[in-house]
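Residue-level structural notes
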Amino acid sequence: MSESPARGLVLLAHGSRDPLWRRPVQAVQTRLAEAAPQLAVRCAYLELCAPDLASAVQELQAAGLERITVVPLFFGAGRHVREDLPRLVQELADANPGLSLRLAPVAGEDARLIALLAELAAEAALLDK
């Protein structure tokens, strides 16, 4: 029985020139490293800061990973998610034929995240007495 191929994960966020903006994305990366150490996880940004998606994918590929999933950490499926990301992922897949590259659904539209955001908002409102 052969071993399954190594897997990587890219947490892709929009990006900002403000380095403090990256903290939550990096916190997700840290949490994943603790919860799923078998995954190689990298952060990447669509614009305004480094690394970009291509650089993160190249780094994982250079480490020998054959299967990489890109998880868009966006609240909704705006133009970037609907148009730019599928095109970028397809271009990377075309340029790297031995690589299995998959684009996951946008995180912000997952019912679990929506429920958590609603819970946090209600909690904030109820604490304001």
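Conventions used here
Residues numbered from 1 in each chain as written. Predicted model: local features only at pLDDT ≥ 70, side-chain atom pairs only at ≥ 80, totals over all residues. Heavy atoms only, no water. Helix = DSSP H or I, 4+ residues; strand = E, 2+ residues; numbered from the N terminus. Buried < 20%, exposed > 50% of the residue type's maximum accessible area, 1.4 Å probe, protein only. Contact = heavy atoms within 4.5 Å. Areas by Shrake-Rupley, 256 points an atom, 1.4 Å probe, with all protein chains shown as cover. Lys, Arg positive; Asp, Glu negative; His and termini not counted. Charge placed at Lys NZ, Arg CZ, Asp CG, Glu CD. Pairing = 2+ DSSP bridges. Axes fitted to C-alpha atoms, helices over the stretch in contact; angles between N-to-C directions.

1. Here we look at the overall build of the chain
- In terms of regular secondary structure, the chain is built from four helices and four strands.
- For the chain, the sequential pattern of α-helices and β-strands runs β-α-β-α-β-α-β-α.
- Looking at the chain as a whole, 33% of its 129 residues are labelled buried.
- Here the contacts in the chain between residues at least 6 apart in sequence split such that 71% fall between residues at least 24 apart.
- Entry remark: accessible area of the chain is about 8,300 Å², with carbon and sulfur atoms responsible for 56%.
- Side-chain charges of the chain comprise 13 positive and 16 negative groups, with the mean position of each set lying 1 Å from the other.

2. Remarks on the sheet that holds strand 1 (residues 7–13)
- Spatial ordering of the open sheet is given by 2-1-3-4, a layout of four strands whose pairing is parallel. Two strands lie at the open edges of the sheet, namely strand 2 (40–45) and strand 4 (100–103), each paired on one side alone. With direction set aside, neighbouring strand axes in the sheet form an average angle of 20 degrees.
- Docked against the sheet, helix 1 (residues 23–35) engages strand 1 and strand 2, running at close to 170 degrees with respect to strand 2.
- Most of the contacts of helix 2 (residues 53–62) go to strand 2, to which it runs at about 160 degrees, and overall it touches strand 1, strand 2, strand 3 (67–72) and strand 4.

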